[in-house]
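# Examination of the molecular architecture
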Amino acid sequence: MVAVTEVGPRVADPAGQPARRRRRLVPALLVVGWLLGVGWRMWLSRHVPLPIAHTDEDSYLHTARALAGGPGGFSSENGPLRRVGYPLLISPAFLGERDFADSYRLVQLINAAVNATVLPLSYLLLRRLVPVRRAVALAAATVAATLPATVFYAGVAMIDAVLAPLVLAWLLAVHHWVRRPGPLVAAGAGTLVGTFHLLHSRGLVIVGVHAGLVLLLFLRRRIGPAQVLAAVLPVLALALLNEVVIRLLGDRVYLLGDPPGGGTVRAVASGPGLLRVGAAVATQLWYLVVITFGLAGVAWAGVVRLLLRPASTTGPGPAAASPPPAAGPADGVGATRWTVGVALVTSVGVAAGASVILAGITGKPLDAIYGRYVQMLAPFWLLLGVGMLVAATPRQRWRRVAVAVGLLLAGATLIAARLAWVASRGHELRYGGFGAPDLMALTGGWREFRPFTGAAVGIAGCLLLVAALRLPRWRLPVLAALVAVNLGTMQVITARLVRPVVAATAPTPRVADLGVRPGDRVWASLGVQWVLRFNLSHQVTWADVRWFGDDPPADADVVFVRWAPGEPDDWDGTRYGFVRLGGNPEQRWAAWRRT
């Protein structure tokens, strides 16, 4: 891939099968793989009947319910960073009158259907970027589609479920646009960027990268004014759509989040603040290398050399006003250079943006690691890493692996030093399950961050892949072994993280079993543990459940309150003319109805 010969004519697949049969077989395998992927994701989510990732899930679900014509609720978002794209996607799950559990299951199905498209998108992208055989591309795409970083959030109502396939689709569009410029593909790339903006605030980074790409392509005379407009207008249109939908929602969804402001500025406007942000960025990038079995580091080594190589072999590109010529090897090299450059800038930008925003949240401890924001990039770097190994010479492979190993060891050392420095001052960095669940499972670090174990995982993956490449017949078995590791990792995450969280946060019995019925005006006390309060409120599908302190509102028919027998804060509803319907004293909640 670094040398011109590495991105030359497409590698021919082995003879022995008619070309027409091979062309039909691959789409069939991709469709079957997508269906299996949807089924597997739904099987993994079978243990999750209610939200577990609070308060993000609650915010998206309330907004989606309001968009479907139902009651609204709170959102933990703030005004400047508020987005409605994901609630729009899942809002059909709330059409009609159905139990919340049924709507939530439909949300998981929507997530699974979108998330599983990582498989066909990975195959197409790898075949465009690197000349690898179909079998290798299919195997690598399967590894990418089963990455826990890709799959984990498909089982909950989180926007991250749809971002990984969107990243792949966008980079595929960028590659096609640079290779064969035209207004239609420019509009397609712009629409995908606008979708990012509609979905999440990290889309601002994507918008910035897109703007820079459009400007550079225009200055290099690869596109003309018509394509500039085609690439920019969809972004503006979808940004406008976001604002229009917010206005239509009005106050049915009310915001509880604080806008980023002085806290964010103070967090980074000093030498120590910049060091903290830099360490957080490095930790997120190191995390990408570990969870891709070192392949992200391999890819970055190849990308840097590719970008530094003189671009003369790529040709000047087609004139903006003339139709593009037939794409050849040189066009492929140029398109690949632009695509990987865009991906590299995006990765650093997302990691930096997330670190700055999180540093400004001063009401909670800083995270030792929070990989959620960069997880969407893991499939791309894994795919490119496979391509960088397969298409390289043995000497180049070892150089790239050496870079990956160096990144893993340097990152582990930096993280260990950071943890030790914070501990020496009597503090600790927050380390939770949703920060990096796949890293926890791979390193066995459920209660402590194990950076050197993570480095060992990445190094082992790199060395195994390089060893397999010396014997071509071992390529597919090794990639299949990585798929098995991904499947096993998801099982471990489900057993060690998901199921315990569900058991701790799912209120029992159901409110319907206690006689709470549509039409009841329901309020929830702040004395109920907040996660249980949210999940109780979700079951009231006909109204927005508001909160109160000690005295119940005058218009309340039913209240959810604290039930702690023998404790001073046990709520006694008889003082207010209520009778207890039931609840769960072990979970410290009860439902009371006004008599």
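In this report, we go over the structure that sits alongside the text. (Residues numbered from 1 in each chain as written. Predicted model: local features only at pLDDT ≥ 70, side-chain atom pairs only at ≥ 80, totals over all residues. Heavy atoms only, no water.)

### Some points on the pairing of strand 5 (residues 558-561)
The side-chain alternation of strand 5 yields two buried faces, one formed by V558 and F560 and the other by V559 and V561. Of the pairings in the sheet, the one linking strand 3 (residues 522-525) to strand 5 comprises three bridges and is parallel in character. Within strand 5, the position partnered with V522 by the bridge is V558. Across four bridges, the pairing between strand 5 and strand 7 (residues 589-594) is antiparallel. Counted as the bridge partner of F560 is A591 from strand 7. (Buried < 20%, exposed > 50% of the residue type's maximum accessible area, 1.4 Å probe, protein only. Helix = DSSP H or I, 4+ residues; strand = E, 2+ residues; numbered from the N terminus. Pairing = 2+ DSSP bridges.)

### As for the pairing of strand 3
Here strand 3 runs beside strand 4 (residues 546-548); their pairing, made up of three bridges, is parallel. Following the sheet pairing, W523 is matched in strand 4 by R546. The β-α-β motif built from strand 3, the intervening helix 21 (residues 530-538) and the parallel element strand 4 has right-handed crossover chirality. (Right-handed = clockwise from strand over helix to strand, strands pointing away.)

### Examining the environment of R425
Mapped onto the fold, R425 is located in the loop between helix 17 (394-424) and helix 18 (437-443). Within the structure, the side chain of R425 is placed 2.9 Å from the side chain of S424, a separation counted as a polar contact. (Polar contact = N/O pair within 3.5 Å; in protein donor to acceptor, adjacent residues only side chain to side chain.)

### A short note on the sheet that holds strand 3
Spatially, five strands are ordered 4-3-5-7-6 in an open sheet, and the strand pairing comes out mixed. The outermost strands of the open sheet, each flanked by one partner alone, are strand 4 and strand 6 (578-584). Put simply, the sheet's adjacent strands are angled 30° from each other on average, direction ignored. Lying on the sheet, helix 21 is in contact with strand 3, strand 4, strand 5 and strand 7; it crosses strand 3 at an angle near 170°. (Axes fitted to C-alpha atoms, helices over the stretch in contact; angles between N-to-C directions. Contact = heavy atoms within 4.5 Å.)

### Looking at the packing of aromatic side chains
For the structure on display, the rule yields 18 aromatic pairs. Ring plane angle 25° and centroid distance 5.8 Å describe the contact between F534 and W547, whose orientation is recorded as stacked. Within this pair, whereas F534 is found in helix 21, its partner W547 is found in strand 4, the two being separated by 13 residues in sequence. Members of the aromatic cluster, connected to one another through ring pairs, are F74, W530, F534 and W547. In this arrangement the basic side chain of R372 is found over the ring face of Y373, its NZ or CZ atom lying 5.3 Å from the centre. The side chain of R533 reaches across the aromatic face of W547, ending 4.9 Å from its centre. (Phe/Tyr/Trp six-rings, centres within 6.5 Å; stacked < 30°, edge-to-face > 60°. Lys NZ or Arg CZ within 6 Å of the ring centre and 35° of its normal.)

### Considerations on the environment of R430
As for its position among the elements, R430 is in the loop between helix 17 and helix 18. For the pair R430 and V205, spaced 225 residues apart in the sequence, the C-alpha separation amounts to 26 Å. At 3.1 Å, the side chain of R430 and the side chain of D367 are in polar contact.

### Brief notes about the nonpolar core
In this structure, Y86, W170, W177, W286, F380, W381 and L384 are the most contacted members of the largest nonpolar core, which totals 158 residues. No other element matches helix 8 (residues 160-179), which puts 15 residues into this core. Those residues within four positions of W177 in sequence are excluded, and the remaining contacts are G182, V185, A186, A189, H210, L213, V214, L217, I223, Q227 and A231. Of all hydrophobic cores here, the second largest spans 15 residues; its members include L514, V522, V545 and A591. (Core = buried A, V, L, I, M, F, W, Y, C linked by side-chain atoms within 4.5 Å.)

### Describing a nonpolar patch on the surface
A cluster of nonpolar side chains, namely L229, V232, L233 and L236, defines an oily patch on the protein surface of about 360 Å² accessible area. Tracing the backbone through its elements, the reader meets L229 in helix 11 (residues 225-249). (Patch = residues over 30% accessible without salt bridge, like charges linked within 9 Å, V, L, I, M, F, W, Y side chains within 5 Å. Areas by Shrake-Rupley, 256 points an atom, 1.4 Å probe, with all protein chains shown as cover. Salt bridge = Lys/Arg side-chain N within 4 Å of Asp/Glu carboxyl O.)

### Describing helix 2 (residues 56-67)
Along its 12 residues, helix 2 runs 17 Å from first to last C-alpha, staying within 8% of the 16 Å computed at 1.5 Å per residue. What helix 2 keeps buried is the set E57, D58, S59, Y60, L61, H62, T63, A64, R65 and A66. Contacts made by the buried residues of helix 2 are with strand 1 (73-75), helix 3 (85-90), helix 4 (100-115), helix 11, strand 2 (253-255) and helix 21. Following helix 2 by one or two positions, G69 has its phi on the positive side, about 100°. (Expected span 1.5 Å × (residues − 1).)

### Some details on the pattern of salt bridges
Tallied over the full model, the rule gives 14 salt bridges. The residue R510 makes a salt bridge to D99 at a minimum N-O spacing of 3.9 Å. Remark: D99 occurs in the loop between helix 3 and helix 4 and R510 occurs in the loop between helix 20 (475-505) and strand 3; sequence separation between them is 411 residues. For D99, a relative accessible area of 33% translates into the label partly exposed.

### Comments concerning the side chain of R202
Following the sequence through the fold, R202 ends up in the loop between helix 9 (183-199) and helix 10 (203-219). When its relative accessible area of 6% is taken as the criterion, R202 is described as buried. Among the polar contacts listed, one links the side chain of R202 to the side chain of H200, at a separation of 3.1 Å. If we skip the residues at most four places from it in the chain, R202 touches I159, D160, L163, R372, Y373 and M376.

### A few points about the packing of helix 19 (residues 451-469) against helix 20
Their axes nearest at 8 Å, the elements helix 19 and helix 20 cross at an angle of 160°. Comparing their axes, helix 20 and helix 19 come out roughly antiparallel. Read as a crossing pair, helix 19 and helix 20 show a hand that is right-handed. Side by side, helix 19 and helix 20 meet where L464, L465, A468 and L469 of the first sit next to R475, V478, L479 and L482 of the second. Looking at the contact of helix 19 with helix 20 residue by residue, the classes come out as seven nonpolar, no polar and one charged. (Parallel < 35°, antiparallel > 145°, perpendicular 65-115°, else oblique. Left-handed = near helix turned anticlockwise from the far one by under 90°. Nonpolar A, V, L, I, M, F, W, Y, C, P; charged D, E, K, R; others polar.)

### Re the packing of helix 8 against helix 9
The geometry of helix 8 relative to helix 9 is characterised by a closest axis approach of 9 Å and an angle of 155° between their N-to-C directions. By the angle between their directions, the pair helix 8 and helix 9 is classed as roughly antiparallel. Remark: the crossing between helix 8 and helix 9 carries left-handed chirality. Counting all contacts with helix 8, which are made through V162, L163, L166, V167, A169, W170, A173, H176 and W177, the residues of helix 9 involved are V185, A186, A189, L192, V193, T195, F196 and L199.

### Looking at helix 9
Here helix 9 spans 24 Å end to end across 17 residues, near enough to the 24 Å set by a 1.5 Å rise per residue. Taken together, the buried positions of helix 9 are V185, A186, A189, G190, L192, V193, G194, F196, H197, L198 and L199. Looking at the packing, one finds that the buried side of helix 9 touches helix 3, helix 8, helix 10 and helix 11.

### Structural notes on the environment of A144
Of note, A144 is situated in helix 6 (residues 134-146). A relative accessible area of 0% places A144 in the buried class. When the C-alpha atoms of A144 and N486 are compared, they prove to be 9.2 Å apart, with 342 residues separating the residues in sequence. Not counting the four nearest positions on each side in its chain, A144 is found in contact with V118, S122, T150, P379, L382 and L383.

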